Amino acid sequence: MQSQIFLVSLALMFLLALVFVRGVVAPGAPLEATRVNRQRSWLLWGLVMIGLVLSVASLRSWPHRAAGAEVLVVNVSGGQWWWETDTTEIPLGQEVEFRVTTEDVNHGLGIYTDDMTLITQVQVMPGYTNTLVHTFEQPGRFHLLCMEYCGVAHHDMVNEFQVVEVQ
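Values in this document were obtained by computation on a predicted structure and should not be read as measured data.

1. Looking at the packing of aromatic side chains
Where two aromatic rings form a pair, the distance of their centres and the angle of their planes describe that pair.
Okay, so step 1: Counted by the stated rule, this structure contains five aromatic pairs.
Okay, so step 2: Taking the centre distance of 4.8 Å and the plane angle of 55° together, the rings of F136 and F142 count as tilted.
Okay, so step 3: Assessed through its relative accessible area of 2%, F136 is described here as buried.
Okay, so step 4: These aromatic residues form a ring-pair network of at least three members: F98, F136, F142 and F161.

2. Some words on the nonpolar core
Okay, so step 1: Core analysis: the largest hydrophobic core is formed by 20 residues, its most contacted members being W83, F98, F136 and F161.
Okay, so step 2: Of all elements in the fold, only β1 (71–79), β4 (95–102), β5 (107–112), β6 (118–124), β8 (140–146) and β9 (158–164) reach the threshold of two or more residues within this core.

3. Digging into the sheet that holds β8
Strands belonging to one sheet form pairs held by backbone hydrogen bonds; the direction of such a pair is parallel or antiparallel.
Okay, so step 1: Reading across the sheet, the five strands line up as β3-β9-β8-β5-β6 and stay open at both edges, with mixed pairing between neighbours. Every interior strand has two partners, whereas the edge strands, β3 (89–91) and β6, have only one. Each strand axis lies, on average, 25° off the axis of its neighbour in the sheet, ignoring direction.
Okay, so step 2: Here six bridges tie β8 to β9, and the two strands are oriented antiparallel to one another.

The rules behind these values
Residues numbered from 1 in each chain as written. Predicted model: local features only at pLDDT ≥ 70, side-chain atom pairs only at ≥ 80, totals over all residues. Heavy atoms only, no water. Phe/Tyr/Trp six-rings, centres within 6.5 Å; stacked < 30°, edge-to-face > 60°. Buried < 20%, exposed > 50% of the residue type's maximum accessible area, 1.4 Å probe, protein only. Core = buried A, V, L, I, M, F, W, Y, C linked by side-chain atoms within 4.5 Å. Helix = DSSP H or I, 4+ residues; strand = E, 2+ residues; numbered from the N terminus. Pairing = 2+ DSSP bridges. Axes fitted to C-alpha atoms, helices over the stretch in contact; angles between N-to-C directions.

Here is the structure:
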């Protein structure tokens, strides 16, 4: 969808540029300048309306929770060079709120699939709890990896959990 929106945006920017170039090279007659200004105005408002429609049409679902929705809270703490979680199993399809903090330096928490595809990420800062909300659509093993170099054992900063189907 992004590539189509990009191409439409390029085409509309080209069209707008043509109108402006025409206004610059138009003969000095006041009548012609008035007509070009009117064209610019209509084009500008048309582009604004098209942009609004495309923006609304391309937005993903709003990230707001429904009132009373069940949320599983998973606390994650980090330090040089470890991640610690208070759960090792997450139910499939359950909305999960990861509350992430660190004791020492900045880290980046990345959640990866078994084939090392990044699912989601959050910045982790000392003295602050960041939240990351995600719903897992696939069962399996997921890995917590540090995404910001934090020292000589950065590569050992790994933990994992399972997303399981609940019968």
